[in-house]
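What the coordinates show
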Amino acid sequence: MDRYAALAASPAGRTVLTRLGLPTPPVLRRHEPGQPLTAGPVLLAVADGGVLADAARAALTDAGAEVLHSDDGERRYGALVLDASGLTTTDSLTELHRLTSPVLRRLAGSGRVVVLAGRPQDQKDAEAAVVQRSLEGFTRSVGKEVGGRGSTAQLVRVAAGAEQRLASPLRFLVSARSAFVSGQVVEVGTDVQGPDAVDDWTAPLAGQVVAVTGASRGIGAAIARTAARDGATVVAIDVPAAASPLADLAAEVKGSWLALDVTSPDAADRIARHVRDEHGRLDVLVHNAGITRDRRLMNLREADWRSVIEVNLAAPLRITTALAADGVLGAGSRVVGVSSVAGIAGNNGQTNYATSKAGVIGLVDRLSADLAPRGITVNAVAPGFIETQMTAAVPVGIRQAGRRLASLGQGGEPVDVAETVLWLGSPASSGVTGNVVRVCGQALIGA
Ligand SMILES: NC(=O)c1ccc[n+]([C@@H]2O[C@H](COP(=O)([O-])OP(=O)(O)OC[C@H]3O[C@@H](n4cnc5c(N)ncnc54)[C@H](O)[C@@H]3O)[C@@H](O)[C@H]2O)c1
């Protein structure tokens, strides 16, 4: 937590900041093993004609949530799940107001709003398609309204036929695991066959082998620790110069390690050999290794262009393609890339980085389609401002702006990115492919 957010988290500091009229970033509820799914009961509201409520109710009840179907005007809720899939006319959009407006002020801190919808392209007529598309503006605005209390809002679009695939996305989005994810649109589809649940949701990665590049520190180390917490066997990969912290991390998570520069021509072969020899398989491949070489384009050296493209984009593309061709990645495997909000919006002084990170989104688009018939999902996270050594090097003014200009009013922690990566990497997430999920606290920068 940065110093300002730490001050705001203390009672005395909060009083002082409030008196001065300064913003007080909320303390976010984060996942702890054994904790209830939500901070209070879940209100499941259904607009007329909704087709997703039954599946949502089953998923939430199975997760141990207390699900209520009508609002008594008094209760406080940990989450509001709204099935808006039945809205087909512009007139019916008034339902959004009727079902959410009275409830919103009774949403608990770090509460959740999840709007369930159909895909615009699946709608029968133009009006229905337009109405389903409009839910995005509604959801994003709700996220901005409730963010000051640490709450989030997301839109989940469910393709026709994917109604029974809601458990994994819904559990993630209503839980504390999605603490720093807000204003996102997640699509659930039928392109990839596979399971939609796990036997033990408290150890969703049990029996899985998860390889993470750039694992010796920062976000990569958090992914490795979080994967181990969730039951996975971890393969920690980083450059030879980081071998010592890498070996320590691998020992801590009881996994294995591989000192490897991902840009080396034999990187895919060495990963394949390592996972076969040490673990016999690979289930989840996380391309987290990344570098920045920031300079405005007019001052940028070609070498700094090349190295950023090589590490952040060319290596993940080459390694994924090779491991899929070689069968190391097969039915049920998951590939998760790490993009950036800079790859969505661009950033002054980061032409090389933003190009590479937009390329990661291209990798998701193309390889998710190519590998879907083989049962492999390909997704990415796009972090915003996360507190790591990478962002500690950012000039102080930009750093403060990066933290405050977000609905949640703070930077994220590496674990926030890790939770999202591992949700996408879960065996239960077969319905989620081709998605890029921002982990940015609904940052204005990059919007
Ligand atoms: N920190 C943020 O706010 C932020 C925001 C958006 C995206 N990201 C992305 O998240 C990822 C992790 O970022 P971080 O902040 O933890 O960075 P970091 O610099 O702390 O860690 C990156 C790790 O990647 C490793 N690495 C670099 N080049 C490598 C190579 N050729 N082969 C193998 N390993 C290599 C490094 O040794 C390091 O351990 C990166 O892809 C980064 O671009 C970070």
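In this report, we go over the structure that sits alongside the text. These numbers were taken from a predicted model, which means no experiment stands behind them. Each chain has its residues counted from 1, running along the sequence as written. Totals for whole chains, interfaces and linings use all residues, but because this is a predicted model, local features are given only for residues with pLDDT of at least 70 and pairs of side-chain atoms are given and counted only at 80 or more. Derived side-chain values reflect all non-hydrogen atoms in the structure, with water molecules and hydrogen atoms excluded from consideration.

For the rest of this paragraph, the subject is the overall build of the protein. For helices the rule is a DSSP run of H or I covering at least 4 residues; for strands it is a run of E covering at least 2, with both sets numbered from the N terminus onward. Within the protein, the regular secondary structure consists of 15 helices and 13 strands. Radius of gyration: over C-alpha atoms. The globule rule applied is 2.2 Å multiplied by the number of residues raised to the 0.38 power. Over its C-alpha atoms the protein spans a radius of gyration of 21 Å, differing by no more than 12% from the 22 Å that the globule rule assigns to 447 residues. In terms of its C-alpha atoms, the protein occupies a principal-axis envelope of roughly 60 × 55 × 45 Å. When burial is assessed residue by residue, the protein has 57% of its 447 residues classed as buried. A fraction of 76% describes how many contacts in the protein between residues 6 or more apart in sequence connect residues 24 or more apart. Accessible area is worked out with a 1.4 Å probe on protein chains only. A residue is then buried under 20% of its type maximum, exposed over 50%, and partly exposed in between. We call two residues in contact when some of their heavy atoms are within 4.5 Å.

Non-glycine residue Ser110 carries a positive phi angle of around 50°. Residue position: Ser110 is located in strand E4 (residues 107–118). Residue classification places Ser110 among the buried positions, given a relative accessible area of 7%. Of note in this structure, Lys254 is not a glycine but carries a positive phi near 55°. Counting through the fold element by element, Lys254 comes out in the loop between helix H8 (243–252) and strand E9 (256–259). Judged by relative accessible area, which is 73%, Lys254 ranks as exposed.

What follows deals with the sheet that holds strand E5 (residues 152–158). Strands pair, by our definition, only if DSSP identifies at least two bridges between them. Spatially, the six strands line up as an open sheet ordered E2-E1-E3-E4-E5-E6, and their pairing is parallel. Because the sheet does not close on itself, it has two edges, and the strands there are strand E2 (67–68) and strand E6 (184–188). Where strand E1 (residues 42–46) and E2 come together, two bridges link them in parallel fashion. Residue pairing in the sheet places Leu43 in a bridge with Leu68 of E2. Helix H3 (residues 53–62) contacts E1, E2, strand E3 (77–83) and E4 of the sheet and is inclined by roughly 170° relative to E1. An axis is simply a line fitted to the C-alpha atoms; with a helix, the fit covers only the stretch in contact. Between two such axes, the angle follows the N-to-C directions and lies from 0 to 180 degrees.

Here we take up the pairing of strand E10 (residues 284–287). The two faces of a sheet get side chains in turn, since along a regular strand they alternate between them. Where burial is concerned, the two faces of E10 agree: the one with Val284 and Val286 and the one with Leu285 and His287 are both buried. Two strands pair when backbone bridges link them, and strand E7 (residues 209–213) and E10 are joined in this way by three bridges, in the parallel orientation. Looking across to E10, one finds that Ala211 is bridged to Leu285. Sheet topology note: the E10/strand E11 (residues 334–338) ladder contains four bridges and is parallel. Looking at E11, one finds that Val286 is bridged to Val336. With the strands pointing away from the viewer, any crossover whose connection runs clockwise from the first strand over the helix to the second is right-handed. At this point the chain moves from E10, through helix H10 (residues 302–325), to the parallel E11, and the crossover so formed is right-handed.

So, on to the site of the ligand. Surrounding the ligand, one finds 27 residues, the nearest of these being Arg217, Asp238, Asn288, Tyr353 and Thr388. At 2.9 Å from an oxygen atom of the ligand is found a side-chain nitrogen or oxygen belonging to Lys357. N or O atoms closer than or at 3.5 Å make up a polar contact, with two conditions inside protein: a donor-capable atom paired with an acceptor-capable one, and, for residues adjacent in sequence, both atoms drawn from side chains. The side chain of Thr388 places a nitrogen or oxygen atom 2.8 Å from an oxygen atom of the ligand. Bound to the protein, the ligand loses 93% of the 830 Å² it would expose on its own. Listing elements by their share of the shell around the ligand, those giving two or more residues are helix H7 (218–229), helix H12 (351–371) and helix H13 (389–392). Residues that form the shell around the ligand fall into these classes: 13 nonpolar, 10 polar and four charged. Nearness is judged by heavy atoms alone; a residue qualifies as near a molecule or strand once a single heavy atom is within 4 Å of it. Note on areas: these come from Shrake-Rupley sampling with a 1.4 Å probe, and a residue is covered only by the protein chains present in the view. Three categories are distinguished: nonpolar for Ala, Val, Leu, Ile, Met, Phe, Trp, Tyr, Cys and Pro, charged for Asp, Glu, Lys and Arg, and polar for the others, with Gly belonging to the last.

These results come straight from atomic positions and should not be treated as a statement about function.
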